[in-house]
Each structure stands twice: as C-alpha cells, then as structure tokens.
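Examination of the molecular architecture
Here is how the chains run, residue by residue.
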Amino acid sequence: MNTITSATTIPGFVWAYRLRPGADKAERLPDDADRTTLFDGDGFLWLHLNLVDARVPAFLEDAPGLNDAARIALTTHETHATITVDDQMLFGTLVDFQRDFAHNTHDIGWLHFAVTDRVLITSRLQPLRSVDRGRVLIEKNAARFSCPVDIFEALVVEFQRTLISVVIEISEELNGIEDFIHGNSSRDERTQLPPIRRTIVRLHRHLRTVLSLMRHAAASDDEEMPLGFEDIAGRLTGRLEAVEHDVYALQERARLLHEEIDSKLASEINRHLYILSIMTAFLLPPTLVTGFFGMNTSSLPLSGGSSGTGYAIGFIIASMLLAWWLLKRVNIL
C-alpha cells in the first residue's frame, strides 16, 4: 500500500489550490492528492512544491504545458533572479525573504515559478514570507484571481510589501545606531552597522535586477507573453520602483552613518594622541633632568652635599613649569 501511495501522490507537495472563475472559495487539495488527476478539471491550479524532495524534477516531466526551459527554471538551485517570457508562458526565479518557524528573517530566499494559462507552479528550498502571504490571500478572497498570472502578480506585490516592512525594520535599527553615534555613549557601533549594510546592498542589487527583468519581460512580443501580463508588468514595475527609491535612500543613510562612525573614531583617536602628546611634553624635561643626574661621570653637581636630592626635585618641578609655560605660550594648551 505504501508503494501505491508513493506512486500516486505528489512529491515535494506543500499545498495546491484549484480556483474556479466566479467562485468565492478556492478548493485546497489534500496532501495525498492524486497526481494522475491533478492537472485535470475546470478552473486553474496553483501548485507549490518543496525542492528538498529529489523526486520533484521527475514529477515535473509529466506536467502538461511546460517546456524544458520552464522545468529547469522550477528545479534550479541557482541564486539569481530571472524572468523569461516564451510561448505565452512566464517562468524564472524571484527573490524573496525566508520565513522561520518562530519569526521572520532578513535572509534572502528564492522562489522558482512557471505560469501558463491553466496552472501556476512554484517551488522553493526554504519557507518564504511572500508565498505564505499569497496563500492567505487565496484563502480569504479567491474571487479576485481570474487566472494564474493574477496569483503571480499577488506574489510580487506581497514581496514588495514585505520589502517595505524590511525597510522599516532596518530604518529602526539605523535609528538606534544613529542615537548612539550622536549621543554621549561610548558603545562601538562598528560591529553592528556592517551586517546591516550588507543586507541593504544585497536587497538593492536584487531589486534592481528584478526591476530590469520586469521591464524586459514587459517589452516582449505580445504573442509571446501571457494574456494581460503587459498591464500587470507595468503595475509591478511602478510598485518596485517606489520601493527601490526607499532602499537606495536607506543605502545612502547607512553609508553616511558609516562615515560618521569613522569620523567619530578618528576624532577620538586624535584626542587620545593629543593627551599622549601633552603628557610626553610634560614628562620630557623631568626625564632630561633625571637622565643628567643619573650619569656616572666625575664632578657631577650636587653629588657631594646632603641636599642634592631636594635640588634635583626642584629642577624637575621647574622644568615641568617651564614646559607648561611654553605650551601655553604657543597655544597648544
């Protein structure tokens, strides 16, 4: 019986929804859904797979409507964004944020997708925030989705919203660093800022890539792109451009904070060097006095009397006062 189950169930199955135009509710398929009837029936399908299961590539070989390039896009482990429009299909890889069981993270994840007129197939290695939010939208209001490309738009919109929340979170972290920089605290923020800067730089790089890919996909031939995708690409480009400006501003702010920390550190080092130089200037004349009286030479002054040490101490104090007067005279103190 286990052999029959493994042969008919879907490998790497996370969830699947069947949506029918005009229906208020989406039908969530069970975990043991039969793979032989998965792509049959009316409406359209959203199938989400986990690439940890090594049987997923073999399963996708039987998926109808997909060409070899789309199957490769769904099973690749490459970590860069791609969007390809070909034969009224849309497939590639999008950037997203990983979701832990306990909390959301800033770690980058990758969502692989393929969109046809009857099915949307997505795959990933780690749980992703935007995909999970898209699933919630499907369950709350399935009537708003009339075709698979509408779900693709919702996933990108959720990524944009997630990106906004990440920008707000990073802004709060930078606010804390900025308060310590301009305050009187001596806490060193050099160890906290570099990880934040690396996160911002990665976000900006991936976001620019997705924007460029979306513009190129929108400029494809009308016969190649799915129906309605040109309008969707225009809306998504506008949304992502707005967030791209915020991420760029965040990157500039982090750079300025880094320069401010370097400036504060340099000022502190100069202050320490200044104090050390003053101490050296005060101690150099007494050192000369003690060095002179410490010479093992004949006829050394004050070596024969009983009050030579007192005179030597007086010379030391006088030399320090002379050094202080000279420093004040040249406006060093």
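In this report, the structure presented in the accompanying data block is examined. (Residues numbered from 1 in each chain as written. Predicted model: local features only at pLDDT ≥ 70, side-chain atom pairs only at ≥ 80, totals over all residues. Heavy atoms only, no water.)

Now for a negative patch on the surface. A cluster of acidic side chains, namely Asp221, Asp222, Glu223, Glu230 and Asp231, defines a negative patch on the protein surface. Along the chain, Glu223 falls in the loop between α6 (193-218) and α7 (229-293). Relative accessible area serves as the criterion here: at 70%, Glu223 is assigned to the exposed category. (Patch = residues over 30% accessible without salt bridge, like charges linked within 9 Å, V, L, I, M, F, W, Y side chains within 5 Å. Areas by Shrake-Rupley, 256 points an atom, 1.4 Å probe, with all protein chains shown as cover. Salt bridge = Lys/Arg side-chain N within 4 Å of Asp/Glu carboxyl O. Lys, Arg positive; Asp, Glu negative; His and termini not counted. Charge placed at Lys NZ, Arg CZ, Asp CG, Glu CD. Helix = DSSP H or I, 4+ residues; strand = E, 2+ residues; numbered from the N terminus. Buried < 20%, exposed > 50% of the residue type's maximum accessible area, 1.4 Å probe, protein only.)

This part is about empty space enclosed by the protein. The final tally for this structure, using the stated rule, is 2 cavities of 30 Å³ or more. Approximately 90 Å³ is the volume found for the largest cavity. Looking at the largest cavity, the residues that line it are Leu94, Val95, Asp96, Leu111, Ser130, Leu155, Val156, Phe159 and Val210. Broken down by secondary-structure element, the contributors of at least two residues to the lining of the largest cavity are β5 (89-99) and α5 (148-182). Residue composition of the lining of the largest cavity, grouped by class: 7 nonpolar, 1 polar and 1 charged. The space that makes up the second largest cavity amounts to roughly 30 Å³. Taken together, Val95, Phe97, Ile108, Phe159, Leu163, Leu203, His206 and Leu207 make up the full set of residues lining the second largest cavity. When contributions to the lining of the second largest cavity are tallied by element, the ones reaching two or more residues are β5, α5 and α6. It is α6 that provides the largest number of residues to the lining of the second largest cavity, a total of 3 residues. Taken together, the residues of the lining of the second largest cavity sort by class into 7 nonpolar, 1 polar and no charged. (1 Å grid on protein atoms, 1.4 Å probe; cavity = no way out; pocket = protein on both sides within 12 Å on 5 of 7 lines; lining within 4 Å. Points joined across faces, edges and corners; volume = space filled by probe spheres on them. Nonpolar A, V, L, I, M, F, W, Y, C, P; charged D, E, K, R; others polar.)

As a further point, take the packing of α5 against α6. The contact between α5 and α6 brings their axes to 11 Å, and the two run at 155°. Overall, the two elements α5 and α6 adopt an arrangement that is roughly antiparallel. Crossing handedness for the pair α5 and α6: left-handed. Contacts between α5 and α6 involve Val156, Phe159, Leu163, Val166, Ile170, Glu173, Leu174 and Ile177 from the former and Leu193, Ile196, Thr199, Ile200, Leu203, Leu207 and Met214 from the latter. Looking at side-chain class alone, the contact of α5 with α6 contains 13 nonpolar, 1 polar and 1 charged residues. (Axes fitted to C-alpha atoms, helices over the stretch in contact; angles between N-to-C directions. Parallel < 35°, antiparallel > 145°, perpendicular 65-115°, else oblique. Left-handed = near helix turned anticlockwise from the far one by under 90°. Contact = heavy atoms within 4.5 Å.)

Shape descriptors only; they carry no functional weight alone.
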